[in-house]
Amino acid sequence: MLMMDWGGTGGMVQMWIFGLLVLLGVILLVIVVVKAFTGGSSTTAGSGATGEVGAGPGRARVILDERYARGEIDTEEYQERLRTLEEDGR
C-alpha cells in the first residue's frame, strides 16, 4: 500500500503562510519608519495651497507669492496679506 507524506505538504503550506506574514511585517515596518521620518501624516487635506505638510515660518510667504503668481488674489489683497504676515513676524 502506497502512503503519501501529507506532513510534507502541510509543512510547505505553513512555510508559505509564515513567509507571507514575514513579508507583511516588513512592509508594515517600512510604512511605520517612513511615517516617523516624514511627520506621520499621510493626508494633505487642508495643509496649504501646494499640499505640503509642516509649514515653517517662511512657508506662508511662499504660499502667498504662489497664489499671487497664479492670479488667485489681486495686488491689493496680496499687499494687505503681506503686511499682515510681516506684522505677525513670520
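Predicted model only: the values in this text are computed from it and were never measured.

Draft legend 1. Region of interest: the overall build of the protein. A count of helical and extended segments in the protein gives three helices and zero strands. Moving toward the C terminus, one meets the helices and strands of the protein in the order α-α-α. Counting over 90 residues, the protein shows a buried share of 8%. In the form shown here, the protein has an accessible surface area of approximately 7600 Å², with 64% of it arising from carbon and sulfur atoms.

Draft legend 2. Up close: the packing of helix 2 (residues 59-70) against helix 3 (residues 75-88). Contact geometry of helix 2 with helix 3 gives a least axis separation of 10 Å together with a crossing angle of 175 degrees. Taken as axis vectors, helix 2 and helix 3 run roughly antiparallel relative to one another. Residues A60, R61, L64, D65, R67 and Y68 of helix 2 form the contact with helix 3, whose participating residues are T75, Y78, R81, L82 and L85. Across the contact of helix 2 with helix 3, the residue classes break down as six nonpolar, one polar and four charged.

Draft legend 3. Structural context of the packing of aromatic side chains. For the coordinates displayed, the defined rule picks out one aromatic pair. Considering the side-chain rings of Y68 and Y78, the 4.4 Å spacing of their centres and the 25 degrees angle between planes classify their relative orientation as stacked. Here Y78 lies in helix 3 and Y68 lies in helix 2, a separation of ten residues in the sequence. Under the relative-accessibility criterion, Y78 is labelled buried at 12%.

Draft legend 4. Just the nonpolar core, in detail. In terms of nonpolar packing, the biggest core is built from five residues, these being L64, I73, Y78, L82 and L85. Counting residues per element, this core draws most heavily on helix 3, at three residues.

Draft legend 5. Layout of helix 2. Taking 1.5 Å as the rise per residue, helix 2 with twelve residues should run 16 Å; its terminal C-alpha atoms sit 17 Å apart, in good agreement. Here helix 2 has its buried residues at R59, I63 and L64. Around the axis of helix 2, the buried residues are gathered within 140 degrees of arc, so they sit on the same side. Looking at the buried side of helix 2, the elements it contacts are helix 3. Note on helix 2: the residue one or two positions beyond its end, G71, has a positive phi of about 85 degrees.

Draft legend 6. Molecular detail of the environment of I73. Mapped onto the elements, I73 comes out in the loop between helix 2 and helix 3. Among residues more than four places away in sequence, those in contact with I73 are L64, R67, Y68 and Y78.

What counts, and at which threshold
- Residues numbered from 1 in each chain as written.
- Predicted model: local features only at pLDDT ≥ 70, side-chain atom pairs only at ≥ 80, totals over all residues.
- Heavy atoms only, no water.
- Helix = DSSP H or I, 4+ residues; strand = E, 2+ residues; numbered from the N terminus.
- Buried < 20%, exposed > 50% of the residue type's maximum accessible area, 1.4 Å probe, protein only.
- Areas by Shrake-Rupley, 256 points an atom, 1.4 Å probe, with all protein chains shown as cover.
- Axes fitted to C-alpha atoms, helices over the stretch in contact; angles between N-to-C directions.
- Parallel < 35°, antiparallel > 145°, perpendicular 65-115°, else oblique.
- Contact = heavy atoms within 4.5 Å.
- Nonpolar A, V, L, I, M, F, W, Y, C, P; charged D, E, K, R; others polar.
- Phe/Tyr/Trp six-rings, centres within 6.5 Å; stacked < 30°, edge-to-face > 60°.
- Core = buried A, V, L, I, M, F, W, Y, C linked by side-chain atoms within 4.5 Å.
- Expected span 1.5 Å × (residues − 1).
- Arc of directions from axis to C-beta.

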